[in-house]
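A structural walkthrough
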Amino acid sequence: MIERTDVEHVARLTRLALTEAELERMREQLNSILAHLDTLRAVDTEGVEPTSHAVDVVNVMREDEVEPCFPQDAMLANAPDRSGELFRVPRILED
Amino acid sequence: MAVTPPGADVNPDRYEVVIGLEVHAQLRTRSKMFCGCPTRFGAPPNSQTCPVCQGMPGVLPVVNRRAVEFGIRTALAFHCRVNAACRFARKHYYYPDMPKNYQISQYEEPLAEDGFLEVDVDGSSRAIGIQRLHLEEDVGKLLHEGTIETAKASLVDFNRSGVPLMETVSRPELRSPEEAAAYLRAFRAIVVYLDVCDGNMEEGSLRCDANVSLRPRGAAELGTKVEIKNLNSFRNVERALKFEVARQTAALAVDERIVQETRLWDADREVTRSMRSKEYAHDYRYFPEPDLVPLQIDRRWVEEIRAELPELPRARRQRFVSRYGLSLSTSDILTHHGPLADYFEAAVTEFPDAKAVSNWILSEFLRVLAGGDERVLSMKVPPRNLAGLLRLIADGTISGKIAKDVFSTMVDTGEDAPTIVRREGLTQVADEAVLDGIIDAVMAANPKAIEDFKRGKTAAKKALVGQVMKATGGKANPALVDRLLEDKLSKIQT
Ligand SMILES: [Zn+2]
């Protein structure tokens, strides 16, 4: 059962500012997702290897070759703030 | 807590120091870990990026095969077990150097585990356990406007973002700051030999974090550990750890609790400081990276890589001692950098007096090199030319003193020794008749030295030899001058 404190914890980890109403709605939704997992758990998976991927493919690799980059201006175009050739972000440490 | 200066008045023997190192090495691939952007250092900021390495939504990373190969190569050199299967995982955290808010790393299934690295401290050797070695991507580089504490804003360059990183975690088996520095030195020598990392700490190719704790001697349980970040030179590793050991020792002496935290080494003020980061606890919510399928490492591939492993620094050092009869310390210096050892061996092939070659390399070669790149100097003076110079000394054509000047000219012009000696007329004067005349003239001009010699001052002879050498521009054969002068002086005395 997901409690309110769990939702607050996850919200903090993911930097989401949720209102009281949203916290409650998330709590309900997360609980119904977990309930759905209980349904899945009913499937007999005896002898089936756990997997993290839906496709049965391994070893997809590329050769170590340089390809063209994107232009600097294009990569900086969406920056909320920039200083010359650099992205500018708010201070990092807390007061 | 107020900063405690190192060397606080406590009994250092009460506690045992426990250190573990996490070393991040940038791999020398041409392209990044998951995209084709180049890894070249020093390009204009944000000029070597693409949507993959800037973490744009909807892009697909693809693993660089060479990075995996380099990881395996290193793992084998560290005697690790290369896992048959490994997987990448997302490590979540929020920091502006990481725009997609997770770093692609490896967690439960790393590339390799359980190895060791042999470390020499004070003449004895210890094997330090390596817990794991995994691959991940580097993050962007932050520049603070001012210091990290006072900065109003930070600036980000993502060129480094996505460069392949290999993280190697030692077991907490290092017992002193000196041993930790020695571990890092041995680590660097190996990855440079393996040609998987350039080992350049100033450019950040090799970075180190340390975990430090103290426990009462004999205790089995580990004390509360403190993580120190930002150790970017051998000197800093040792100094930061010394400071931290002293700080923790002083705290324990007054029954103060050690707080588990991350501290930053401030190299300017020589203190570690607590980092009050916005990073919320250490809850990285790892999960398998859905965008990358697992790797199943082919045994044959591993064996191919193993077969191509070069001779490593310690083995080479041992061989230099047994094969060339060099001392351990000389061998250590020669084998620390692969190119220098290669140079030595190439020169010895041409001029088999290993001691003469090593003496020359350790004195003149390293003096001229002065911390520069061996490869540049060895292009100017190839090993064959050094051998040629040593041959001229050995057969008496030039004196050792003149040879130093010839070597300088060789470095400047890239010519070989015989060419320079011939052009500048530096051939040693070994003609007795010529030297006879010069010695007579010098003796006639220095009656005082003769008198001194008669009164038993043997040092006067040395002065006369010096005068003869000076008169010949250093070209007289010193042994011959010495003998001729000895004859003449003995005749005067009787
Ligand atoms: Zn890229």
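Residues numbered from 1 in each chain as written. Chains lettered and ligands numbered in written order. Predicted model: local features only at pLDDT ≥ 70, side-chain atom pairs only at ≥ 80, totals over all residues.

A word on the confidence of the model for chain A. Here chain A averages 89 in pLDDT, and 96% of its residues register 70 or above. In the model of chain A, helix H1 (residues 4–13) of chain A stands out as the element of lowest mean pLDDT, 89, in contrast to strand S1 (residues 61–62) of chain A, which has the highest, 97. (pLDDT = per-residue confidence, 0-100. Helix = DSSP H or I, 4+ residues; strand = E, 2+ residues; numbered from the N terminus.)

It is worth spelling out the interface of chain B and chain A at this point. At the interface, 46 residues of chain B touch 33 residues of chain A. Here the side of chain B that touches chain A gets 5 residues from one element, more than from any other, and that element is strand S10 (residues 153–157) of chain B. Judged from the 2 bridges that link them, S1 of chain A and strand S2 (residues 63–64) of chain B form a sheet pairing that is parallel. If you follow Arg62 of chain A over to S2 of chain B, its bridge partner there is Asn64 of chain B. (Contact = placed C-beta atoms within 7 Å. Pairing = 2+ DSSP bridges.)

Take the nonpolar core next. All names here are of chain B. Counting residues in each nonpolar core, the largest one holds 80 residues, and the members touching the most others are Ala180, Tyr183 and Ala210. For this core, the element with the most residues is helix H2 (residues 177–193), which contributes 12 residues. The residues contacting Ala180, other than those within four sequence positions of it, are Ile19, Leu21, Leu174, Ala210, Val237 and Leu241. Among the nonpolar cores identified, the runner-up in size contains 31 residues, and Phe365, Val381, Leu390 and Leu392 belong to it. (Core = buried A, V, L, I, M, F, W, Y, C linked by C-beta atoms within 7 Å. Buried ≥ 20, exposed ≤ 12 C-beta atoms within 10 Å, placed from the backbone.)

Moving on, we come to helix H13 (residues 432–445) of chain B. Residues and elements named next belong to chain B. If you check H13, its first and last C-alpha atoms are 20 Å apart, about what 14 residues at 1.5 Å a residue would give, namely 20 Å. Every buried residue belonging to H13 is among Leu435, Ile439 and Val442, and all of these are buried. For H13, the buried positions fall inside an angular range of 60° around the axis, keeping them on one side. What points out from H13, more than 90 degrees from its buried face, is the exposed set Ala433, Val434, Gly437, Asp440, Ala444 and Ala445. (Expected span 1.5 Å × (residues − 1). Arc of directions from axis to C-beta.)

Next up on the list: the sheet that holds strand S13 (residues 226–231) of chain B. Residue and element names in this part refer to chain B. Taken together, the 9 strands give an open sheet; going across it, the order is S3-S7-S8-S11-S1-S12-S13-S14-S15, and neighbouring strands pair in mixed fashion. Looking at which strands have only one partner, the edges of the open sheet turn out to be strand S3 (81–82) and strand S15 (271–274). Pairing analysis gives 2 bridges linking S3 to strand S7 (residues 112–121), with the strands arranged antiparallel. Bridge pairing links Val82 to Ala112 in S7. Contacts between helix H1 (residues 65–77) and the sheet are confined to S3, S7, strand S8 (124–137) and strand S11 (164–170), with S8 contributing the most and set at about 165° to the helix. Lying on the sheet, H2 is in contact with strand S1 (15–26), S7, S8, S11 and strand S12 (206–216); it crosses S7 at an angle near 115°. (Axes fitted to C-alpha atoms, helices over the stretch in contact; angles between N-to-C directions.)

This part is about the domain arrangement of chain B. Many analyses report the size of an interface as the accessible area lost when the parts associate. Domain boundaries in chain B define domain 1 (12–302), domain 2 (313–423) and domain 3 (432–493). Taken over C-alpha atoms, the centre of domain 1 of chain B sits 66 Å from the centre of domain 3 of chain B. (Domains from an automatic or database assignment.)

Next up on the list: the packing of helix H5 (residues 313–324) of chain B against helix H6 (residues 328–336) of chain B. All names here are of chain B. As a packed pair, H5 and H6 sit with axes 9 Å apart at the nearest point and diverge in direction by 135°. Viewed along their axes, H5 and H6 adopt a mutual orientation that is oblique. The two elements H5 and H6 cross, and the hand of that crossing is right-handed. Residues Pro313, Arg316, Arg317, Phe320 and Val321 of H5 lie in contact with H6, whose contacting residues are Leu328, Ser331, Asp332, Leu334, Thr335 and His336. Per-class residue counts for the contact of H5 with H6 are 5 nonpolar, 3 polar and 3 charged. (Parallel < 35°, antiparallel > 145°, perpendicular 65-115°, else oblique. Left-handed = near helix turned anticlockwise from the far one by under 90°. Nonpolar A, V, L, I, M, F, W, Y, C, P; charged D, E, K, R; others polar.)

The next thing to look at is the environment of Ala74 of chain A. Looking at where Ala74 of chain A falls in the secondary structure, it is placed in helix H3 (residues 72–76). Separated by 58 residues in the primary sequence, Ala74 of chain A and Leu16 of chain A have C-alpha atoms spaced 29 Å apart.

With that settled, the discussion passes to the environment of Ala11 of chain A. As for its position among the elements, Ala11 of chain A is in helix H1. With 71 residues separating them along the chain, Ala11 of chain A and Arg82 of chain A place their C-alpha atoms 28 Å apart.

Once that is clear, we can look at the pairing of S12 of chain B. All names here are of chain B. Across 11 bridges, S1 lies against S12 in antiparallel orientation. Looking at S12, one finds that Ala25 is bridged to Leu206. Taken together, the 4 bridges between S12 and S13 define a ladder with antiparallel strand orientation. Paired with Ala210 across the bridge in S13 is Ile228.

An ideal rise of 1.5 Å per residue puts 32 Å on 22 residues; helix H2 (residues 20–41) of chain A measures up with 32 Å between its terminal C-alpha atoms. Counting buried residues along H2 of chain A, only 0 of its 22 residues qualify, which leaves the element largely exposed.

All names here are of chain A. The phi angle at Asn59 is positive, at roughly 55°, despite the residue not being glycine. Note on placement: Asn59 falls in the loop between H2 and S1. By the C-beta count within 10 Å, which is 14 here, Asn59 ends up partly exposed.

Moving on, we come to the confidence of the model for chain B. Residue and element names in this part refer to chain B. Averaged over chain B, the pLDDT score is 89; the fraction of residues at 70 or greater is 94%. Here residues 1–10 scores under 50 on pLDDT; set against residues more than four positions off or in separate chains, the count is 14 contacts. Overall fold confidence for the complex sits at a pTM of 0.82, while the interface term, ipTM, reaches 0.85.

Residue and element names in this part refer to chain B. Spatial strand order, S6-S5-S16: 3 strands in an open sheet with antiparallel pairing. Edge strands, defined here as strands with exactly one partner in the open sheet, are strand S6 (102–105) and strand S16 (287–288). In this sheet, S16 lies alongside strand S5 (residues 89–92) in antiparallel orientation, the contact comprising 2 bridges. Bridge pairing in S16 links Ala89 to Pro288.

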